[in-house]
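Analysis of the macromolecular model
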Amino acid sequence: MGSTRRTLLAAAGCFAFARLVGAVDSFGAIRERARGQKVYFNHWGGSPQINDYIAWAGSELLRRFGVELVSVKVTDIAETVGRVLAEKTAGRSEGGSVDLVWINGENFAAMKKHGLLFGPITPLLPNFALVDTEGKPTTLVDFTIPTEGYEAPWGMAQFVLIHDTERLREPPRSIAALLGWARGNPSRFTYPAPPDFIGTTFLKHVLYATIDDPRRLARPAEPQTFEASTAGTWSFLEALRPYLWREGRTFPANKEALHQLLDDGEVDLSMAFNPAEASSLVLAGRLPPTVRTYLFETGTIANTHFLAIPFNATAKEGALVAIDFLLSPEAQARKQDERIWGDPTVLDLDRLEPADRARFERLERGPATLPPEALRPVLPEPHPSWTELLEAAWARRFARG
Amino acid sequence: MRSGASRLLLVPALLLVLVPTGAGLLGTLLPAFGLLPTLGRAEFGLGPWRELFADPGLGRAVLLTLASGVGSTLLASLLALAIAATLHGRPGERRLRALLPVLLAVPHAAAAVGFAFLVAPSGLLVRLLAPLLGLDRPPGLATVQDPWAVALTLALALREAPFLLLVILAAADRAGLDHRLAAARSLGRPPVAAWLEVALPALWPSLRLPVLAVLAYGLSAIEAALVLGPTAPPTLAILVLRWTSDPDLDRRLLASAGALLLLALGLLLILAGRLLEALLAGLRRVPLALAAAVAVIGRPAAVLVPAVALVELVLLVAWSVASSWRFPALLPSGPDFTAWRAALPLLGEVTPTTALLGAATVALALPATIAALEAPRSGAATSLLWLPLLLPQLAFVFGLQVLLVRLDLAERTAGLLLAHGVMVLPYVWLVLRGPWERLDGRLRAAARCLGAGPLATLARVVLPLLARPVLAAAAIGFSVSVAQYLVTLAAGGGRFPTLATETMALVAGGDRRRIGTAALMLALLPLLVTALALWLPAMLERGRGSARPSAPSQLLGKGANKLSTSSSVKLSPAAPPPSTPS
């Protein structure tokens, strides 16, 4: 029964899609229909820099295409996923309140699985042709889930560690070295409590370093063999625990809290998913100017964040025009500028016109940002099913008090 | 009066509260038993409950919730009682009264952040001690987010004590206590013991619901628990929050079961409280040792409670203009107004919407509450009015969203008003219930004898007498509306940016300077409105040529009882004869 419903939903989606796109509609026609539309863009609103960037994009969209981008700031995009779910529960299959969302990973997997997304959208976007889908394979595969065009890549992310050179000159450069260093420097390290995103990502790095066979991580996790294959992970984390900040009895809530602990001098390491985050925190006065970033020698996890349109969006054409603009070399270069946001581009610079490429080449990097060639090696995200088992197993061991 | 028609007066308030609450509850109840067809879950079952009880952190989370909820309620009550008992009739009481509304206008989230700035290992207290102890790094002590939620309990207690104190002082004004206290003292009881034996039993009926409201708030507190509570595991409310925002949508079933468990804990505790109340009712004499202990706490508490709140405010201001403030610096470097420069345009954009929404919500909730209070007493029905206070908001929001979409009210002003009305009405009712019950019935009777209809009686006798509590209720309702984040977003869908939606999003970024500005911006509007509510009746009285000096210190109802308390306290139904030993 469930599968019949899914098929029906998919069919309904295709129908709506065909109606929107017409037979061989050009993007010009979409732009025509987008003019005058109001696009409600739900996004995490915790960063003033990002909010300012979105406000700039909004003013450009209005000026160039007559599309009004309305920023809806949320503390957690799950609130928006819940909203779309509530609308579907109430039977509102069109005229929805959300036109555009900023998501990735598990949120995307959930929305896709439950038919909450409109698409595929990427074949409609002219600027999608500029995306570096070969050099940056995560633009097509979101946490091992193929996007199948239901979301358009917006920016790149890679896990980096942050240390204050003033207090810690030589940081531990591997998971194994981390344990040795922590033994010699008790209570100078901690990680955000999973299921916080950064905390879980740290666990994934431990998983990569300790699992019997890392190739397993590309496939769905098997609950039956999970404990056996991750035995090393847990013995590592248990060994690390007594040397953690507050002896591992409590953990910071998120990376913001961890940055604060680093700034306060309570710990010596922090973590981020944006390679330029440390530099922009220095600019904002939230970390000392002596901080630098680095990767584990064996590499760190990289992923991509995306833009998507809910299945019942009211202004689908407007949302498409907005996404295409946000993928343009001009918008992407501005986004990569650390004085603006510092979010790495998804575009392939080789495919750009020289003038557009120059926009990127002109950008300066902050002292705490690694050059692109230093952001290697790259580890892929494990299959999302690992996340859940990992978080549950961590909670059983570390969060029962 | 006791006709069927006048019972209809209850209907607007009950509809306003029960329809959204009922829908919210249904939206929680069904998924908790495995029913959420949108996710392909259409089989009734206990699966979510099994999953809930299998959660490794649950036992500890429930324990932490009970400890911080009950602990903070008891501590807040103790502090408020001790302050009231010790300061009764002293000049300090007057000063404190003037300060209380200011303390109450600071949003919970802001107070929690301010408390963290104060007591965290890198906070002001440790910085003051750092030179003495030779610290150049914050000590490795869990003074916030400690595994036993002590910091959370303390912060909640300190935040709620002013609220309970306000309620006690307001109730004490009109019960004509001074004569009885003098009598008890003349029988040789020490002043504090006399207050506990004479005043407390007389005040308790007005105090019971506010104490329960504090308990309900403490059990389901989100903001304070996020800032100050333990993380692994957190309190139950935070566990529910995590499940609600889990990318795995199936976790919403688990979240629903967790929310119901939280509701059940609240109801059980209320039952336990009633039992305790029955046990204590037989107690006629307060042991002198206890009275002495209360007297010892009272003086320092009267300084500590407002001082902590004011220091929190000062720390928020200091952080909002700090360019950097690293441990162990005692003072921030700066001033740096970047955060304010970024925040001010926002303030201009969203303040009008926020103020209008708050005013409109009060304009909806206040008449509905007054109508309900004018209806002949039907205890069971009106006690439902404060049900929303017991429900964890998180759980209730999903059902509310579904209801609003179904009624085609989502993203519309009407839907937003309805959603704010649910959150605001219980508080308005909580503030007004006491004054309404204590109003001397003979005044109404006299007005009716002189030929005034029910409306004229209300407009020309009741409302002028109760102007102070009505204005206070309006101010408190307004403040509650301003503070709504989740509900505003859920009902407004981003169409109505308010101070709360714009600033709470920034708080998620964790920048202390932004948090400082956000908290102050959120506090500003309620502070202004509270000041207005205090100042207005004083102005009106002066305008009428009253000989009373302006009294901004009396937020609740002293003027309202000028007539009734002086003439007829002993006949007032809600002020039973004191249980003095006879």
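Residues numbered from 1 in each chain as written. Chains lettered and ligands numbered in written order. Predicted model: local features only at pLDDT ≥ 70, side-chain atom pairs only at ≥ 80, totals over all residues.

Some details on the overall build of chain A
A count of helical and extended segments in chain A gives 15 helices and 11 strands. Over its C-alpha trace chain A gives a radius of gyration of 22 Å, about what one expects of a compact globule, namely 21 Å for 401 residues. The principal-axis extent of the C-alpha atoms belonging to chain A is close to 65 × 55 × 35 Å. Of all 401 residues assigned to chain A, the portion counted as buried reaches 53%. Across chain A, contacts joining residues at least 24 apart in sequence account for 80% of those joining residues at least 6 apart. (Helix = DSSP H or I, 4+ residues; strand = E, 2+ residues; numbered from the N terminus. Rg over C-alpha atoms; globule rule 2.2 N^0.38 Å. Buried ≥ 20, exposed ≤ 12 C-beta atoms within 10 Å, placed from the backbone. Contact = placed C-beta atoms within 7 Å.)

Section: the sheet that holds strand β9 (residues 291-294) of chain A
Residue and element names in this part refer to chain A. Spatial ordering of the open sheet is given by β8-β7-β9, a layout of 3 strands whose pairing is antiparallel. Unpaired on one side and paired on the other, β8 (269-272) and β9 mark the two borders of the sheet. Averaged over all pairs of adjacent strands, the angle between strand axes in this sheet comes to 30°, irrespective of strand direction. Sheet analysis places strand β7 (residues 160-164) next to β8, joined by 4 bridges and oriented antiparallel. Counted as the bridge partner of His163 is Leu269 from β8. Sitting on the sheet, helix α10 (residues 255-264) touches β7 and β8, and the angle it makes with β8 is about 150°. (Pairing = 2+ DSSP bridges. Axes fitted to C-alpha atoms, helices over the stretch in contact; angles between N-to-C directions.)

Looking at the interface of chain A and chain B
Interfaces are often described in size by the accessible area the parts lose on coming together. With 55 residues of chain A at the interface, the matching set in chain B holds 51 residues. Of all the secondary structure elements, the ones that give two or more residues to the side of chain A that touches chain B are β1 (38-44), β2 (68-74), α4 (78-89), α5 (105-113), α10 and α15 (384-398) of chain A. Of all the elements, α4(A) adds the most residues to the side of chain A that touches chain B, at 9 residues. Taken together, the residues of the side of chain A that touches chain B sort by class into 18 nonpolar, 19 polar and 18 charged. (Nonpolar A, V, L, I, M, F, W, Y, C, P; charged D, E, K, R; others polar.)

Some thoughts on the domain arrangement of chain A
All names here are of chain A. By the assigned domains, chain A splits into domain 1 (2-154 + 306-366) and domain 2 (160-302 + 378-398). When each unit is reduced to the centre of its C-alpha atoms, the spacing between domain 1 and domain 2 is 30 Å. Between domain 1 and domain 2, the contact holds 13 residues from the first and 13 residues from the second. Of the residues in the side of domain 1 that touches domain 2, the class split is 4 nonpolar, 6 polar and 3 charged. (Domains from an automatic or database assignment.)

Considering the packing of helix α2 (residues 27-34) of chain A against helix α12 (residues 316-326) of chain A
Residue and element names in this part refer to chain A. Packing of α2 against α12 leaves a shortest axis separation of 8 Å and a crossing angle of 120°. The way α2 lies across α12 gives a crossing that is left-handed. Contacts from Ile30, Arg31, Arg33 and Ala34 in α2 reach Glu317, Gly318, Leu320 and Val321 in α12. Considering only residue class, the contact of α2 with α12 consists of 4 nonpolar, 1 polar and 3 charged. (Left-handed = near helix turned anticlockwise from the far one by under 90°.)

Quick word on unusual backbone geometry
Cis geometry is adopted by the peptide bond preceding Pro195(A), which originates at Pro194(A) and carries an omega value of 10°. A cis amide bond links Ala232(B) to the next residue, Pro233(B), at an omega of -5°. Along the chain, Pro233(B) falls in the loop between α11 (223-228) and α12 (236-244). The phi angle at Phe143(A) is positive, at roughly 55°, despite the residue not being glycine. Mapping Phe143(A) onto the fold places it in the loop between β4 (141-142) and β5 (145-146). Even without glycine at this site, Ser187(A) takes up a positive phi of about 60°. The residue Ser187(A) is located in the loop between α6 (175-184) and α7 (197-210) in this model. On the neighbour-count criterion, Ser187(A) (18 C-beta atoms within 10 Å) is partly exposed.

Side note on the pairing of strand β10 (residues 300-308) of chain A
Residues and elements named next belong to chain A. Most of β10 is tucked away, with 9 of its 9 residues classed as buried. Bridge count between strand β3 (residues 100-103) and β10: 3 bridges; the pairing is antiparallel. Of the residues in β10, the one forming a bridge with Val101 is Ala308. Pairing of strand β6 (residues 152-158) with β10, which is carried by 6 bridges, proceeds in the antiparallel orientation. Bridge pairing in β10 links Pro153 to Phe306. Where β10 lies against strand β11 (residues 378-379), 2 bridges are found, and the strand directions are parallel. By the bridge assignment for β11, Thr300 is matched with Val378.

With respect to the environment of Ala533(B)
Residue and element names in this part refer to chain B. By the secondary structure assignment, Ala533 is in helix α25 (residues 512-543). In sequence terms Ala533 and Thr382 are 151 residues apart; their C-alpha atoms lie 26 Å from each other. When sequence neighbours within four positions are dropped, the list of residues in contact with Ala533 reads Leu471, Ala472, Ala474 and Ala475.

Describing the packing of α7(A) against α15(A)
Residues and elements named next belong to chain A. Relative orientation of the contacting elements α7 and α15 amounts to 100°, with a least axis distance of 10 Å. In terms of orientation, α7 and α15 fall into the roughly perpendicular class. Seen from α7, the contacting residues are Thr200, Leu203 and Leu207; seen from α15, they are Thr387, Leu390, Glu391 and Trp394. For the contact of α7 with α15, the residue count by class is 4 nonpolar, 2 polar and 1 charged. (Parallel < 35°, antiparallel > 145°, perpendicular 65-115°, else oblique.)

Concerning the nonpolar core
Ranked by internal contacts, the top residues of the largest apolar core, which has 305 residues, are Ala322(A), Leu228(B) and Leu425(B). When residues of this core are assigned to domains, at least three fall in each of domain 1 (2-154 + 306-366) and domain 2 (160-302 + 378-398) of chain A. If we skip the residues at most four places from it in the chain, Leu228(B) touches Ala112(B), Phe115(B), Ala116(B), Val144(B), Gln145(B), Ala151(B), Leu152(B) and Ala155(B). (Core = buried A, V, L, I, M, F, W, Y, C linked by C-beta atoms within 7 Å.)

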